[in-house]
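So you can see what is in the structure, the chains are spelled out below.
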Amino acid sequence: MKRRKSSNRDIVLRVAAERFLKAGYHSTSMDDIVAISKVSKTNIYYHFASKEAILLEIVDDAVAYYDARSALIITQQHVDVITRIEFLLRLIAYDPYQQDCRVGGTFLTLFAQTSREVPAVRERIDQFFRRNQQLLEQLLQEGVKNGQLPTSLPIPQTAALVLSIFEGGLFLSEVYQDGDLLQHVFQSLEWLMRAQPPLRTT
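Attention here is on the structure that accompanies the text. (Residues numbered from 1 in each chain as written. Predicted model: local features only at pLDDT ≥ 70, side-chain atom pairs only at ≥ 80, totals over all residues. Heavy atoms only, no water.)

## A closer look at the overall build of the protein
A tally of helices and strands in the protein yields 9 helices and 0 strands. Its helices and strands taken in sequence order, the protein reads α-α-α-α-α-α-α-α-α from the N to the C terminus. In the protein, the share of contacts with a sequence separation of at least 24, taken over all contacts with a separation of at least 6, comes to 67%. (Helix = DSSP H or I, 4+ residues; strand = E, 2+ residues; numbered from the N terminus. Contact = heavy atoms within 4.5 Å.)

Written out as structure tokens, the structure reads:
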């Protein structure tokens, strides 16, 4: 089958995403995107009204990409809950979108750079992580119901803890330049979810 040729729009998005994640959003000009993509400025502005519009399209594409794959992982009920949670985290950690991010993760990198100036980025990423928290809660509830996790497990707090530890792990793996750190995070999370005593809630 003949592979579809990338459109100018696709090329611009790919180049801009690489530049925003590696060099930084504010350090990347439209002229940089023109020079690297070999797409004329006129053509770029035909597809995108501004650099901010390119940014929002990149965020939307990343969200759609992860949402589609997360939905597939959730439905694999023949796989135990802990393994599916790890699959979800690995999806975000080891995906091509993550390569050479400045801060550690795609969403953390873009959020840290742009959320104050571009409220729509904050809104989209906020909604993404809220959906992921709901997915984790759904999996944890399934694990409690089928006996894979303790009945005393506090579901919302544990889901938030998983996301927090994971995002921190992404950041620290970049700071420490330690490729094994995330594997240790996965192992620790499994231990916590299976064996930790009940958390006190007030």
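## Section: the nonpolar core
Phe20, Ile54 and Ile85 are the most contacted members of the largest nonpolar core, which has 56 residues in total. Of all the elements in the fold, those that place two or more residues in this core are α1 (8-22), α2 (30-37), α4 (51-74), α5 (81-93), α6 (106-114), α7 (119-145), α8 (155-176) and α9 (181-195). Leaving out residues up to four positions away in the same chain, isoleucine 85 has contacts with Leu136, Leu139, Leu140, Val162 and Met193. (Core = buried A, V, L, I, M, F, W, Y, C linked by side-chain atoms within 4.5 Å. Buried < 20%, exposed > 50% of the residue type's maximum accessible area, 1.4 Å probe, protein only.)

## Re α7
The terminal C-alpha atoms of α7, which comprises 27 residues, lie 39 Å apart, in line with the 39 Å expected from a rise of 1.5 Å per residue. Within α7 the residues assigned to the buried category are Val121, Ile125, Phe128, Phe129, Asn132, Leu136, Glu137, Leu139, Leu140, Glu142, Gly143 and Val144. Immediately downstream of α7, the backbone of glycine 147 shows phi near 85°, a positive value. (Expected span 1.5 Å × (residues − 1).)

## Comments concerning unusual backbone geometry
Positioned with a positive phi, lysine 38 is a non-glycine residue whose angle comes to about 65°. For lysine 38, the position within the fold is in the loop between α2 and α3 (41-47). Note on lysine 38: relative accessible area 72%, which makes it exposed.

## Points about empty space enclosed by the protein
Rolled over the atoms, a probe with the dimensions of a water molecule shows which regions are left empty. Using the criterion set out here, one finds 2 cavities of 30 Å³ or more in the structure. The set of elements that each furnish at least two residues to the lining of the largest cavity consists of α5 and α9. In terms of residue class, the lining of the largest cavity is built from 6 nonpolar, no polar and 2 charged. Roughly 40 Å³ of volume is contained in the second largest cavity. Taken together, Leu88, Leu89, Ile92, Asn132, Leu136 and Leu163 make up the lining of the second largest cavity. (1 Å grid on protein atoms, 1.4 Å probe; cavity = no way out; pocket = protein on both sides within 12 Å on 5 of 7 lines; lining within 4 Å. Points joined across faces, edges and corners; volume = space filled by probe spheres on them. Nonpolar A, V, L, I, M, F, W, Y, C, P; charged D, E, K, R; others polar.)

## Points about the pattern of salt bridges
Tallied over the full model, the rule gives 7 salt bridges. Notably, a salt bridge pairs arginine 9 with glutamate 57, separated by 2.7 Å at the nearest N-O pair. Remark: glutamate 57 occurs in helix α4 and arginine 9 occurs in helix α1; sequence separation between them is 48 residues. The class of arginine 9 is partly exposed, set by a relative accessible area of 27%. Judged by its relative accessible area of 23%, glutamate 57 is partly exposed. Between aspartate 67 and arginine 131 there is a salt bridge, with the nearest N and O atoms lying 2.8 Å from each other. In this pair, aspartate 67 sits in helix α4 while arginine 131 sits in helix α7, placing the two residues 64 residues apart along the sequence. (Salt bridge = Lys/Arg side-chain N within 4 Å of Asp/Glu carboxyl O.)

## Details of the environment of leucine 149
Examined against the element boundaries, leucine 149 turns out to sit in the loop between α7 and α8. Note: C-alpha distance between leucine 149 and arginine 194 (45 residues apart in sequence) is 5.6 Å. Among all residues touching leucine 149, those that are not within four sequence positions of it are Val81, Ile82, Leu140, Gly143, Val144, Met193 and Arg194.

## Considerations on the side chain of lysine 51
Along the chain, the position of lysine 51 falls in helix α4. At 7.5 Å, aspartate 32 is the nearest oppositely charged side chain to lysine 51, a buried residue that forms no salt bridge. (Lys, Arg positive; Asp, Glu negative; His and termini not counted.)

That is the geometry; function is a separate question.
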